[in-house]
Amino acid sequence: MYQEIGIRKEIEELSNQAEQEIQPQFRKVEEVCAYNSMKVLKAFQDNHIADMHFGTTTGYGYGDIGREAIEKVFAQVLHAEDSLVRGQFISGTHALTVALFAFLRPGDTLLSISGKPYDTLDEVIGIVENSSSLKSYGVQFEQIELKEDDFDYEAITNRLQKSKVKVIEIQRSKGYSTRKSISLEKVKKVIECIRKVDTQVIIMIDNCYCEFVGKQEPLEVGADVIVGSLIKNLGGGIAPNGAYIAGRKDLIELAAQRLTVPGEGKEVGPTLGMNKPLLQGLFMAPSVVAASLKTAILASKMLEMLGYQTEPRATDERADIVQNIIFEDKQKLIRYCQGIQMGSPIDSQSIPEPWDMPGYTDQVIMAAGAFTQGSSIELSCDGPIRPPYIAYMQGGLTYEYGKLGVLKAVQELEKK
Ligand SMILES: *Cc1c(COP(=O)(O)O)cnc(C)c1O
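On a predicted model such as this, the values are computed, not experimentally measured, just so you know. (Residues numbered from 1 in each chain as written. Predicted model: local features only at pLDDT ≥ 70, side-chain atom pairs only at ≥ 80, totals over all residues. Heavy atoms only, no water.)

1. Focus: helix 11 (residues 399-413)
Point 1. With 15 residues, helix 11 extends 21 Å between its outermost C-alpha atoms, agreeing within 8% with the 21 Å of an ideal straight helix rising 1.5 Å per residue.
Point 2. Counted residue by residue, helix 11 has 13 buried out of 15 residues, so it is predominantly covered. (Helix = DSSP H or I, 4+ residues; strand = E, 2+ residues; numbered from the N terminus. Expected span 1.5 Å × (residues − 1). Buried < 20%, exposed > 50% of the residue type's maximum accessible area, 1.4 Å probe, protein only.)

Laid out in structure tokens, this is it:
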């Protein structure tokens, strides 16, 4: 079937065999997708979404009823009191930055309990010097490492008993680290542990790559506020940019005052034609996340069959859409990424090479043939060029396209 697109028969046969063995995992993904689809549809209906909400505003963006409805729909889906869903957020990092600057004041302490936060937050926090960092405003930062892929409950309790912490940050997805992503069960457990000693501290979750992977979201297990990108899971591959913050009403108000203007907050912000794609993206998101998960499970299974080490394994429970393949070989990592690029709809003729990306210490290779620049809910694969040469693969708008990308990549990898 696939020979016309240059995929050899052995690779196709390997994928057929892998697919047969991962059917139980696929059934679980489909069940979660069905549940989340129901949740989204109900939120559209309860909020009386209508054609008029596809209208838009320019300029200051006063009275944008589509924007207001979208924020209600996102709030309902995420079990939040309120949400801020804006194209004015240029990325997930920007939304995390706005949230941190909104909640923290000079003299306050930010505590990460999942080890070092995502690389792009280094200069935001001041881990790497920047004259506009939180540190430059007198905000202190501390971190507690994870212990055997779980929280260090004892160290967290001890720290909270010692002196006041204003914000606790938990990053669920692994970023470019070698740790596992954090399940919602563990988030629930650590929040119960935190609340025993501190009822005031703001618990903020970096939820990037985790939305709709399970049936519940972090606000349902006691988090105060969650943050994510719309060119990942909740944008469904349709949102052209943007990010969201959702949670407690007072915190959303603080974030809105920081994003726009103190005194204007949520009341302003033109949507410039984005209302329809944001709604349509959220509508598609449960299915797109399911396609990404199936693509990841297939890749994991095929590579395990070929003798590679993967994380998560094909049969593991997943907390996010990221699939790691631990190649232990520089050339193999490069060839796999190049294969993903060859299997993309856009820029399939380009050959990605490792380069010195700003903000990273090692060279990085990035494969992405996406409709939206930088979108990683579309099939993409990247990795820092350092041992043990791990690929971080994620996304896939449909399983069929995701599978084709994986087959191309496996073929490139196994090329003599
Ligand atoms: C993607 C991501 C972010 C934000 O990234 P942007 O590229 O700025 O949207 C933050 N944290 C984690 C864990 C991520 O995966």
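2. A short note on the site of the ligand
Point 1. The environment of the ligand is made up of S91, G92, T93, L96, Y118, Q171, D206, C208, Y209, S229 and K232.
Point 2. A total of 380 Å² of accessible area belongs to the ligand in isolation, and the protein chains cover 87% of it.
Point 3. Under a 2 Å grid-point criterion requiring more than half of the atoms, the pocket assigned to the ligand is the largest pocket.
Point 4. Broken down by element, the residue count for the shell around the ligand peaks at three residues, all from helix 4 (residues 92-103). (Near = heavy atom within 4 Å. Areas by Shrake-Rupley, 256 points an atom, 1.4 Å probe, with all protein chains shown as cover. 1 Å grid on protein atoms, 1.4 Å probe; cavity = no way out; pocket = protein on both sides within 12 Å on 5 of 7 lines; lining within 4 Å. Sits in = over half its atoms within 2 Å of the grid points.)

3. Topic: the sheet that holds strand 2 (residues 109-112)
Point 1. If you walk across this open sheet you meet the seven strands as 1-7-6-5-4-2-3, and the pairing is mixed. Only two strands of the sheet have a single partner each, and these edge strands are strand 1 (82-86) and strand 3 (140-143). Pairwise comparison of adjacent strand axes, ignoring direction, gives a mean angle of 20° for this sheet.
Point 2. Each of strand 1, strand 5 (202-206), strand 6 (225-229) and strand 7 (243-247) touches helix 8 (residues 249-259); the most contacted strand, strand 1, lies at about 25° to it. (Pairing = 2+ DSSP bridges. Axes fitted to C-alpha atoms, helices over the stretch in contact; angles between N-to-C directions. Contact = heavy atoms within 4.5 Å.)

4. Some thoughts on the packing of helix 3 (residues 65-78) against helix 9 (residues 275-305)
Point 1. For the pair helix 3 and helix 9, interaxial distance at closest approach is 10 Å and the crossing angle is 15°. Taken together, helix 3 and helix 9 sit at an angle that is classed as roughly parallel. Crossing geometry of helix 3 relative to helix 9 is assigned as left-handed. Listed contacts from helix 9 to G66, R67, I70, V73, F74 and V77 of helix 3 are N275, L278, L279 and L282.
Point 2. Grouping the constituent residues of the contact of helix 3 with helix 9 by class yields seven nonpolar, two polar and one charged. (Parallel < 35°, antiparallel > 145°, perpendicular 65-115°, else oblique. Left-handed = near helix turned anticlockwise from the far one by under 90°. Nonpolar A, V, L, I, M, F, W, Y, C, P; charged D, E, K, R; others polar.)

5. Things to note about the layout of surface pockets
Point 1. One number sums up the size of the largest pocket: a volume of about 1100 Å³.
Point 2. Considering the residues around the largest pocket, the lining is formed by 45 residues, among which Y118, Y209, M366, G374 and S376 are closest to the centre.
Point 3. Put simply, the parts of the chain that give the lining of the largest pocket at least two residues each are helix 4, strand 10 (364-368), strand 11 (380-384) and strand 12 (390-394).
Point 4. Looking at the lining of the largest pocket residue by residue, the classes come out as 20 nonpolar, 19 polar and six charged.
Point 5. Structurally, the lining of the largest pocket is a two-domain feature, drawing no fewer than three residues from each of domain 1 (3-37 + 283-413) and domain 2 (54-272).
Point 6. Taken as a whole, the second largest pocket encloses approximately 690 Å³ of empty space.
Point 7. Forming the walls of the second largest pocket are 28 residues, and the residues nearest its centre are V213, G214, E317, R318 and A319.
Point 8. Of all elements in the fold, only helix 2 (23-46), helix 7 (184-197) and helix 9 reach the threshold of two or more residues within the lining of the second largest pocket.
Point 9. Sorting elements by how many residues they give to the lining of the second largest pocket places helix 2 first, with five residues.
Point 10. For the lining of the second largest pocket, the per-class residue count stands at 10 nonpolar, six polar and 12 charged.
Point 11. In this structure, the lining of the second largest pocket is formed jointly by two domains, domain 1 (3-37 + 283-413) and domain 2 (54-272), each of which donates at least three residues. (Points joined across faces, edges and corners; volume = space filled by probe spheres on them. Domains from an automatic or database assignment.)

6. Observations regarding the sheet that holds strand 11
Point 1. Strand order across the open sheet formed by five strands is 8-9-12-11-10, with antiparallel pairing between neighbours. Where the open sheet ends on each side, the last strands, each with one partner, are strand 8 (309-311) and strand 10. Averaged over all pairs of adjacent strands, the angle between their axes in this sheet comes to 20°, without regard to strand direction.
Point 2. Bridge count between strand 11 and strand 12: three bridges; the pairing is antiparallel. Bridge assignment links D382 to a residue of strand 12, and that residue is Y392.
Point 3. Against the sheet, helix 10 (residues 330-342) touches strand 9 (323-326), strand 10, strand 11 and strand 12, its axis set at about 20° to strand 10.

7. What about the packing of aromatic side chains?
Point 1. Scanning all chains against the criterion turns up nine aromatic pairs.
Point 2. Note on Y308 and F327: the rings are 5.5 Å apart at their centroids and 75° apart in plane angle, and the pair reads as edge-to-face. Here F327 lies in the loop between strand 9 and helix 10 and Y308 lies in the loop between helix 9 and strand 8, a separation of 19 residues in the sequence.
Point 3. Directly above the ring of Y209 sits K232, whose terminal nitrogen or CZ lies 4.0 Å from the centroid. (Phe/Tyr/Trp six-rings, centres within 6.5 Å; stacked < 30°, edge-to-face > 60°. Lys NZ or Arg CZ within 6 Å of the ring centre and 35° of its normal.)

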